[in-house]
Amino acid sequence: MASHKVVLHFPLHQLNRPVVNDLIKTYDLDFNILRAEVTPDEKGFVVLELTGEEDNFRKGVEWLDTLGVTVQPLSEDVVRLEDRCTHCGACVTTCPVDALYVERPSQQVIFEQDTCIGCGICVKVCPAAAMAVQF
Ligand code: SF4
Ligand code: SF4
């Protein structure tokens, strides 16, 4: 028995389908929803803790992949290394929960750690390696 915290990103055409329900029934998983949202551009995501047999979890992730649902492991804690950030803005549009945004009129990119769900997307896109996962 294992437990995984993951972020599921849903494409538009899957938003009205009970994907999580089908997932837990088919693969005999327990779940705990930590956060769920449909963003203004009509994409959806849900942060879940899934518990079950490791093999079932793996098969469930494979099934989600066939539906176009992206599965990301949830990082522990994401921080910004302030001395590295150049406020280029490259991370802003990638954040699913608007934890990174441009403040007007200063044009500074603000990072709100309390809003961050630790998905780690910004870590991959930041050209200055200013976003980091802290363990
Ligand atoms: S992508 Fe990196 S350098 Fe650019 S604003 Fe975001 S954290 Fe700062
Ligand atoms: S890890 Fe980065 S992209 Fe993900 S929620 Fe936190 S700030 Fe946003």
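Let me begin by describing the structure that accompanies this report. (Residues numbered from 1 in each chain as written. Chains lettered and ligands numbered in written order. Predicted model: local features only at pLDDT ≥ 70, side-chain atom pairs only at ≥ 80, totals over all residues. Heavy atoms only, no water.)

### A short note on the site of ligand 1
- In the region of ligand 1, 14 residues are neighbours, and Cys85, Cys88, Gly89, Cys91 and Cys126 sit closest.
- Residue composition of the shell around ligand 1, grouped by class: ten nonpolar, three polar and one charged. (Near = heavy atom within 4 Å. Nonpolar A, V, L, I, M, F, W, Y, C, P; charged D, E, K, R; others polar.)

### Re helix 1 (residues 19-26)
- For helix 1, the full list of buried residues reads Val19, Val20, Leu23 and Ile24. Buried residues of helix 1 fall within an arc of 125° about the axis and therefore sit on the same side. Exposed residues pointing more than 90 degrees away from the buried face of helix 1 are listed as Lys25 and Thr26.
- Asp28 lies just past helix 1 and shows a positive phi near 55°. (Buried < 20%, exposed > 50% of the residue type's maximum accessible area, 1.4 Å probe, protein only. Helix = DSSP H or I, 4+ residues; strand = E, 2+ residues; numbered from the N terminus. Arc of directions from axis to C-beta.)

### Quick word on the pattern of salt bridges
- Going through the model one piece at a time under the given rule, you end up with four salt bridges.
- Here Lys59 and Asp55 are joined by a salt bridge, their closest N and O atoms 3.3 Å apart. Pair noted here: Lys59 and Asp55 are both in helix 2 (residues 54-66), with a separation of four residues, about one helical turn.
- Of the residues examined, Lys59 reaches a relative accessible area of 36% and is grouped as partly exposed.
- Across the salt bridge formed by Glu82 and Arg80, the nearest N and O atoms sit 3.2 Å from each other. (Salt bridge = Lys/Arg side-chain N within 4 Å of Asp/Glu carboxyl O.)

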